[in-house]
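Examining the three-dimensional arrangement
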Amino acid sequence: MATSVEKLREALSGADFPADRDELVRQAERSEADSETIRALRAIPPTDYANLTEVERSVSFEQPQPAGEEARRRHSRHDKAGVAESEQETPTHPIVEELGENRGS
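This one's a predicted model, so the numbers in the text were calculated from it and none came from an experiment. (Residues numbered from 1 in each chain as written. Predicted model: local features only at pLDDT ≥ 70, side-chain atom pairs only at ≥ 80, totals over all residues. Heavy atoms only, no water.)

**Focus: the pattern of salt bridges**
Here is the rule: When a carboxyl oxygen of Asp or Glu is within 4 Å of a side-chain nitrogen of Lys or Arg, the pair counts as a salt bridge. Every helix listed is a DSSP run of H or I at least four residues long, and every strand listed is a run of E at least two residues long, numbered separately from the N terminus. To sort residues, take the accessible area from a 1.4 Å probe on protein chains only and compare it with the maximum for the residue type: under 20% means buried, over 50% means exposed, and anything in between is partly exposed.
The final tally for this structure, using the stated rule, is 4 salt bridges. A salt bridge links Asp 22 to Arg 21; the nearest nitrogen and oxygen atoms lie 3.8 Å apart. Notably, a salt bridge pairs Arg 42 with Glu 29, separated by 2.8 Å at the nearest N-O pair. Taken together, the residues span a long stretch of sequence, with Arg 42 in helix H3 (residues 35–42) and Glu 29 in helix H2 (residues 21–30) at a distance of 13 residues. On the basis of relative accessibility, which here comes to 48%, the residue Arg 42 falls in the partly exposed class. Accessibility expressed as a relative area gives 37% for Glu 29, which makes it partly exposed.

**Quick notes on unusual backbone geometry**
With an omega dihedral of 5°, the bond running from Phe 17 to Pro 18 counts as a cis peptide bond. Take Pro 18: it is sitting in the loop between helix H1 (5–11) and strand E1 (19–20). A positive phi angle is found at Glu 32, which is not glycine, with a value near 55°. Among the secondary structure elements, Glu 32 is positioned in the loop between H2 and H3. With a relative accessible area of 72%, Glu 32 lands in the exposed category.

All we've got here are geometric facts, nothing functional implied.
Below, the structure written as C-alpha coordinates:
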(Lines give C-alpha, C1' and ligand atoms only; values in the text may rest on other atoms or scores of the structure.)
Protein backbone atom coordinates (compact mmCIF):
# COMPACT_ATOMS: atom_id res chain seq x y z
CA MET A 1 0.00 0.00 0.00
CA ALA A 2 1.25 3.49 -0.80
CA THR A 3 0.53 6.95 0.52
CA SER A 4 -2.16 9.39 -0.59
CA VAL A 5 -1.96 12.94 -1.93
CA GLU A 6 -3.57 14.26 1.25
CA LYS A 7 -1.04 12.51 3.50
CA LEU A 8 1.85 13.75 1.36
CA ARG A 9 0.62 17.35 1.44
CA GLU A 10 0.14 17.19 5.20
CA ALA A 11 3.62 15.73 5.71
CA LEU A 12 5.27 18.39 3.54
CA SER A 13 3.16 21.39 4.56
CA GLY A 14 6.15 22.97 6.31
CA ALA A 15 8.73 22.18 3.64
CA ASP A 16 10.86 24.93 2.11
CA PHE A 17 11.35 24.59 -1.64
CA PRO A 18 13.52 23.98 -3.53
CA ALA A 19 14.35 20.84 -1.56
CA ASP A 20 16.05 17.56 -2.31
CA ARG A 21 14.73 14.11 -1.46
CA ASP A 22 16.59 13.85 1.85
CA GLU A 23 15.26 17.22 3.04
CA LEU A 24 11.72 16.14 2.13
CA VAL A 25 12.12 12.87 4.06
CA ARG A 26 13.39 14.78 7.11
CA GLN A 27 10.44 17.19 6.88
CA ALA A 28 8.00 14.26 6.72
CA GLU A 29 9.64 12.70 9.76
CA ARG A 30 9.41 16.00 11.67
CA SER A 31 5.72 16.16 10.71
CA GLU A 32 5.33 12.65 12.13
CA ALA A 33 4.08 11.31 8.80
CA ASP A 34 3.06 7.67 8.59
CA SER A 35 5.62 5.08 7.49
CA GLU A 36 4.03 4.63 4.05
CA THR A 37 4.43 8.34 3.24
CA ILE A 38 8.05 8.34 4.39
CA ARG A 39 8.73 5.15 2.40
CA ALA A 40 7.18 6.75 -0.71
CA LEU A 41 9.38 9.83 -0.31
CA ARG A 42 12.50 7.69 0.09
CA ALA A 43 11.59 6.00 -3.20
CA ILE A 44 11.56 9.19 -5.31
CA PRO A 45 14.61 10.13 -7.41
CA PRO A 46 17.38 11.96 -5.51
CA THR A 47 17.03 15.34 -7.18
CA ASP A 48 15.98 18.88 -6.27
CA TYR A 49 12.24 19.56 -6.32
CA ALA A 50 11.08 23.12 -6.99
CA ASN A 51 7.63 22.68 -5.45
CA LEU A 52 5.10 20.22 -4.09
CA THR A 53 3.67 19.53 -7.55
CA GLU A 54 7.01 18.14 -8.71
CA VAL A 55 7.13 15.91 -5.64
CA GLU A 56 3.60 14.67 -6.29
CA ARG A 57 4.57 13.70 -9.85
CA SER A 58 7.40 11.53 -8.49
CA VAL A 59 5.54 9.79 -5.66
CA SER A 60 3.66 6.55 -6.17
CA PHE A 61 0.11 6.89 -4.80
CA GLU A 62 -2.40 4.28 -3.72
CA GLN A 63 -5.04 3.42 -6.26
CA PRO A 64 -8.29 2.75 -4.41
CA GLN A 65 -10.30 -0.05 -6.02
CA PRO A 66 -14.04 -0.34 -5.74
CA ALA A 67 -15.28 -3.17 -3.52
CA GLY A 68 -15.19 -6.46 -5.39
CA GLU A 69 -12.99 -5.13 -8.21
CA GLU A 70 -10.27 -7.72 -7.58
CA ALA A 71 -12.81 -10.56 -7.70
CA ARG A 72 -14.27 -9.23 -10.97
CA ARG A 73 -10.79 -8.90 -12.46
CA ARG A 74 -9.92 -12.49 -11.56
CA HIS A 75 -13.27 -13.75 -12.77
CA SER A 76 -12.89 -12.02 -16.13
CA ARG A 77 -9.84 -14.19 -16.92
CA HIS A 78 -11.99 -17.34 -16.80
CA ASP A 79 -14.02 -18.15 -19.85
CA LYS A 80 -15.80 -21.21 -18.45
CA ALA A 81 -17.91 -20.74 -15.36
CA GLY A 82 -17.21 -23.25 -12.61
CA VAL A 83 -13.92 -24.51 -14.04
CA ALA A 84 -10.64 -23.74 -12.30
CA GLU A 85 -8.16 -21.83 -14.42
CA SER A 86 -5.67 -24.70 -14.14
CA GLU A 87 -8.30 -27.09 -15.54
CA GLN A 88 -9.25 -25.00 -18.57
CA GLU A 89 -8.19 -26.04 -22.03
CA THR A 90 -5.16 -24.25 -23.34
CA PRO A 91 -4.42 -23.75 -27.03
CA THR A 92 -1.76 -25.96 -28.57
CA HIS A 93 1.55 -24.28 -29.26
CA PRO A 94 1.97 -23.53 -33.02
CA ILE A 95 5.26 -25.45 -33.25
CA VAL A 96 3.67 -28.54 -31.73
CA GLU A 97 0.82 -28.21 -34.23
CA GLU A 98 3.25 -28.05 -37.15
CA LEU A 99 5.96 -30.52 -36.12
CA GLY A 100 4.20 -32.79 -33.67
CA GLU A 101 4.80 -33.34 -30.02
CA ASN A 102 8.37 -33.46 -28.75
CA ARG A 103 9.11 -37.04 -27.80
CA GLY A 104 12.35 -36.36 -25.97
CA SER A 105 14.64 -36.47 -28.99
